[in-house]
Amino acid sequence: MQNIVFLVVAVAVAVTLTVAFLKFRHRQQELQKRQSVLRKMLEDAQMQNNVFEVNLHNKDIHYHTISCFLGRIGTNTLELEALSLLPPDLCNQGVEVFYRIISKEGVAIHKFHSVIRELRNQSRRSTLIVDFPAEIGSGERRLFHRIEPPKDRVRVIALWPLADDQPLPRETGDFGSPLLQYRYGSDQETILVSDVSASGMAVQIFLNALAQTQHEFKKNSQVAVLLVYFHAADRPLIVYWSSCKICNIRALEGPNPSLILGMEFTNWALMERGKSEIQWLATKESAGVSPMSQWVMQMDRDQMHLK
């Protein structure tokens with residue numbers, strides 16, 4: 001009888017251990033499969049050399065958003081390369097990371113949460129070592145790094161109001177005279193680029209110049225903007241057209257009172273100098289405009305070299 005009881009107990013223990021082992025192996029296999037899927041998603045972004053926007057959870061730290069490129073994908077960590085020297089107090093900080101993937105279906109925004117485990121500084125750049133993400137979700141919004149361009153980078157800025165039902169002009173001559181315009185070096189500043197990002201821009205409009213137009217800007221209205229700018233000092237000028245939605249308006253007081261218009265790109269086009277036809281490209285929701293993203297990264301890189 002004792003032998004039977006011992007046998008039953010032994011069988012029960014063996015079955016329990018077997019079930020536990022099978023469950024453990026299944027979990028490990030599922031984890032490996034999931035990590036393989038996540039790795040493929042990251043490798044796609046790495047191959048496209050896309051920007052990773054690292055947003056710190058700790059708002060008390062000066063660096064709220066850091067633009068990086070994905071360097072090495074390890075087993076348990078990722079190495080994110082920033083084109084600037086970062087302070088050591090970023091270690092052990094929680095972050096939310098946004099990046100995009102471009103496919104035939106369009107642009108998809110992804111995000112994940114992680115923790116900065118190590119920071120390596122060398123040759124005017126930093127490497128952030130962060131935990132490999134446990135999951136990657138869909139980004140509901142995108143935080144783009146904004147930068148104020150040096151005045152000499154923007155050679156021409158011009159702005160035209162657009163009616164809500166007005167189709168975008170297909171020829172530059174169809175615009176007529178701009179409401180406001182400024183050429184670098186002109187005596188009177190009328191409109192300047194306050195900051196620019198991959199998704200939009202802010203312009204500063206001086207009230208003394210706006211008063212002469214008798215135009216009133218309204219939130220959610222549309223405007224067209226022409227920018228002629230230098231991507232880098234040793235490269236040709238770029239002619240960039242965009243239609244924009246005005247997202248916010250704020251007053252700026254001081255010796256030269258002005259309005260700041262925060263705008264989001266809705267359509268854009270690059271043109272060869274001397275051409276008149278505009279080939280508009282629509283901007284997808286939450287996706288940045290490639291030429292603007294490249295310009296911001298170039299200016300950020302140049303500013304870091306000057307420090």
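Look up: the structure comes first, before these words.
Residues numbered from 1 in each chain as written. Predicted model: local features only at pLDDT ≥ 70, side-chain atom pairs only at ≥ 80, totals over all residues. Heavy atoms only, no water.

**A look at the overall build of the protein**
Next, step 1: Summing up its helical and strand segments, the protein has 3 helices and 15 strands in all.
Next, step 2: For the protein, with 307 residues in total, the buried portion stands at 43%.
Next, step 3: A separation of at least 24 residues holds for 63% of the contacts in the protein among residues at least 6 apart in sequence.
Next, step 4: When the accessible area of the protein is evaluated, it comes to approximately 17,700 Å², of which 51% is carbon and sulfur surface. (Helix = DSSP H or I, 4+ residues; strand = E, 2+ residues; numbered from the N terminus. Buried < 20%, exposed > 50% of the residue type's maximum accessible area, 1.4 Å probe, protein only. Contact = heavy atoms within 4.5 Å. Areas by Shrake-Rupley, 256 points an atom, 1.4 Å probe, with all protein chains shown as cover.)

**Observations concerning the packing of aromatic side chains**
Next, step 1: In this structure the tally under the stated criterion is 8 aromatic pairs.
Next, step 2: A centroid spacing of 4.6 Å and a plane angle of 15° characterise the contact between Phe52 and Tyr99, whose relative ring orientation is stacked. Residue Phe52 is found in strand E1 (residues 51-56), and its partner Tyr99 is found in strand E4 (residues 94-103); the two are separated by 47 residues along the sequence. Each member of the pair, Phe52 together with Tyr99, is buried.
Next, step 3: Joined through ring pairs, the aromatic side chains of Phe52, Tyr99 and Phe112 make up one cluster. (Phe/Tyr/Trp six-rings, centres within 6.5 Å; stacked < 30°, edge-to-face > 60°.)

**Points about the pairing of strand E3 (residues 77-82)**
Next, step 1: Across the 6 residues of E3, 5 count as buried, placing the element largely inside the fold.
Next, step 2: Both strand E2 (residues 65-73) and E3 contribute to a ladder of 4 bridges, which runs antiparallel. If you follow Cys68 over to E3, its bridge partner there is Ala82.
Next, step 3: As consecutive antiparallel partners, E2 and E3 are separated by 3 residues.
Next, step 4: Relative to strand E6 (residues 125-131), E3 runs antiparallel, the two sharing 6 bridges. From the neighbouring strand, Leu80 faces E6, where its bridge partner is Leu128. (Pairing = 2+ DSSP bridges.)

**As for the side chain of Asn267**
Next, step 1: Among the secondary structure elements, Asn267 is positioned in strand E14 (residues 258-271).
Next, step 2: The contact partners of Asn267, leaving out residues within four places of it in the chain, are Leu168, Trp241, Ser242, Ser243, Trp280, Leu281, Ala282 and Thr283.

**Describing unusual backbone geometry**
Of all residues except glycine, most have a negative phi; of all peptide bonds, most are trans.
Next, step 1: Its identity is not glycine, yet Gln214 carries a phi of approximately 60°, on the positive side.
Next, step 2: Unlike most non-glycine residues, Asn220 shows phi in positive territory, near 75°.
Next, step 3: Note on placement: Asn220 falls in the loop between helix H2 (207-211) and strand E12 (222-230).
Next, step 4: Under the relative-accessibility criterion, Asn220 is labelled partly exposed at 47%.

**Topic: the pattern of salt bridges**
Next, step 1: Applying the stated rule across the entire model yields 7 salt bridges.
Next, step 2: With its nearest N and O atoms 2.9 Å apart, the salt bridge here joins Asp44 to Lys40. Placement of both Asp44 and Lys40 in helix H1 (residues 2-47) is noted, with a separation of 4 residues, approximately one turn of the helix.
Next, step 3: The partly exposed category is assigned to Asp44, whose relative accessible area is 26%.
Next, step 4: Between Lys151 and Glu189 there is a salt bridge whose closest N-O contact spans 3.0 Å. One end of the pair, Lys151, is in the loop between strand E7 (137-138) and strand E8 (154-162); the other, Glu189, is in the loop between strand E9 (180-183) and strand E10 (191-196), and 38 residues separate them in sequence.
Next, step 5: Shared partners join several salt bridges into a network, and the residues in it are Arg72, Glu79, Glu118 and Arg120. (Salt bridge = Lys/Arg side-chain N within 4 Å of Asp/Glu carboxyl O.)

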